[in-house]
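# Residue-level structural notes
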Amino acid sequence: MTILRFGGYQPERSVHTRAARLFGEALGTSLGDAIDFQLTPQITAAGHQAADLLSLTESGELDMCYFASSYLAARVPELGLLDLPFPGTDRARMWQRLDGAIGARIKAAVAARTGYTVLGFWDNGLRHISNGVRAILHPRDCTGLSIRTLDNRFHQALFAALGFTPRHLDVKDLGPAVRDHTIDAQENPLTNLVNFDLHKTHRHVSLTGHFHGIALLLGNSSAVAGWPAHVRDAVSAACAQATAAQRDFAAKEDAQCLALLQADGVEIVTPDAIDLAAFEAAVADVVARETAALD
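The model shown is predicted, which means the values in this text are computed figures rather than measured ones.

### Concerning the overall build of the chain
- A count of helical and extended segments in the chain gives 10 helices and nine strands.
- On C-alpha atoms alone, the chain measures out to a radius of gyration of 19 Å, which is about the 19 Å that the 2.2 N^0.38 rule sets for 295 residues.
- Projected onto its principal axes, the C-alpha positions of the chain cover 60 × 45 × 35 Å.
- The burial tally for the chain puts 55% of its 295 residues in the buried class.
- A fraction of 76% describes how many contacts in the chain between residues 6 or more apart in sequence connect residues 24 or more apart.
- Where the 25 positive side-chain charges of the chain centre and where its 33 negative ones centre are 1 Å apart.

Take a look at the structure:
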């Protein structure tokens, strides 16, 4: 029997955990008693930081996890291709790129520089800005506000260019920091805004769509290589099934979460009311430097 230990950091209702459970079900259907799929949906409940998923998987304590690609960009510069801001909202075009040559390049780079095998690209949502101070329509509205960011140098440089004071916090610490006003603002997909109840404190949401987040579906490279061929084939097929479902969940979740926020009375600043050209101009120099480094 092959034991496959999969870790996550999201609640049961999240698009990620739903897809992880579907992945396990697909494996069970394909392999039956030959697989023991063990899912830990929220490692933070056991006292871990969410980012511990990366070290736990790379060390072999877990066999698989999902995590935002931006956290590995310092080790794998090619992942910076996924972090260029204001990518638009055409999900189909993005998946076409990631399921093709760009995705293959990223998979090879991750394999060469880390102990991971990329098994899929999951939708981590269009990222927007929320805060508890004021509506944000222009970069000048960002001045003087602290913002929680991912642990990513490029992200922090972008938000500093907009006028924010960036501060990295683990997902585990994000909710408390929003509720006690340790930070003024944060940026996340709408699903995280709802799943972590951030909207109860942050009553201003600006639909900037400044990043389209990608979560890498990661396997421990040694574990993947050590699986019998029929298990690797089953995992590949289950990953494809779960990835298609996860992307569909994520697209539908955007509309559902937006409706929930509006019903709850959160002030939604729509893209047509935001000076997106001013936002893009404010970060142009930072983007140019990053793009040059990727060439």
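### A look at the environment of Arg75
- Tracing the backbone shows Arg75 in the loop between strand 3 (64-68) and helix 3 (91-98).
- Once the C-alpha coordinates of Arg75 and Gln241 are considered, the two residues, 166 residues apart in sequence, prove to be 29 Å apart.
- Non-local contacts of Arg75, meaning those with residues more than four positions away in its chain, are made with Glu58, Arg113, Thr114, Gly115 and Tyr116.

### Side note on the pairing of strand 3
- Along strand 3, five of the five residues are buried, which leaves the element largely enclosed by surrounding structure.
- Residue alternation in strand 3 divides its side chains into two sets, Met64, Tyr66 and Ala68 and Cys65 and Phe67, and both sets are buried.
- Strand direction decides the pairing type here: strand 1 (residues 2-7) and strand 3, joined by two bridges, are parallel. Residue Gly7 lies in a different strand from strand 3, and its bridge partner there is Cys65.

### A look at unusual backbone geometry
- Of note, His181 is a non-glycine position whose phi angle comes to about 65°, a positive value.
- Within the fold, His181 resides in the loop between helix 6 (171-179) and strand 7 (185-188).

### A look at the packing of helix 1 (residues 15-31) against helix 9 (residues 229-263)
- Relative to each other, helix 1 and helix 9 sit at 150°, their axes nearing to 8 Å. When the axes of helix 1 and helix 9 are compared, the pair comes out roughly antiparallel. You can see that helix 1 and helix 9 cross each other, and the crossing is right-handed.

### Quick word on the side chain of Glu290
- As for its position among the elements, Glu290 is in helix 10 (residues 276-294).
- Contacts of Glu290, omitting those with residues within four sequence positions, involve Arg153 and Phe154.

Rules used in this analysis
- Residues numbered from 1 in each chain as written.
- Predicted model: local features only at pLDDT ≥ 70, side-chain atom pairs only at ≥ 80, totals over all residues.
- Heavy atoms only, no water.
- Helix = DSSP H or I, 4+ residues; strand = E, 2+ residues; numbered from the N terminus.
- Rg over C-alpha atoms; globule rule 2.2 N^0.38 Å.
- Buried < 20%, exposed > 50% of the residue type's maximum accessible area, 1.4 Å probe, protein only.
- Contact = heavy atoms within 4.5 Å.
- Lys, Arg positive; Asp, Glu negative; His and termini not counted.
- Charge placed at Lys NZ, Arg CZ, Asp CG, Glu CD.
- Pairing = 2+ DSSP bridges.
- Axes fitted to C-alpha atoms, helices over the stretch in contact; angles between N-to-C directions.
- Parallel < 35°, antiparallel > 145°, perpendicular 65-115°, else oblique.
- Left-handed = near helix turned anticlockwise from the far one by under 90°.

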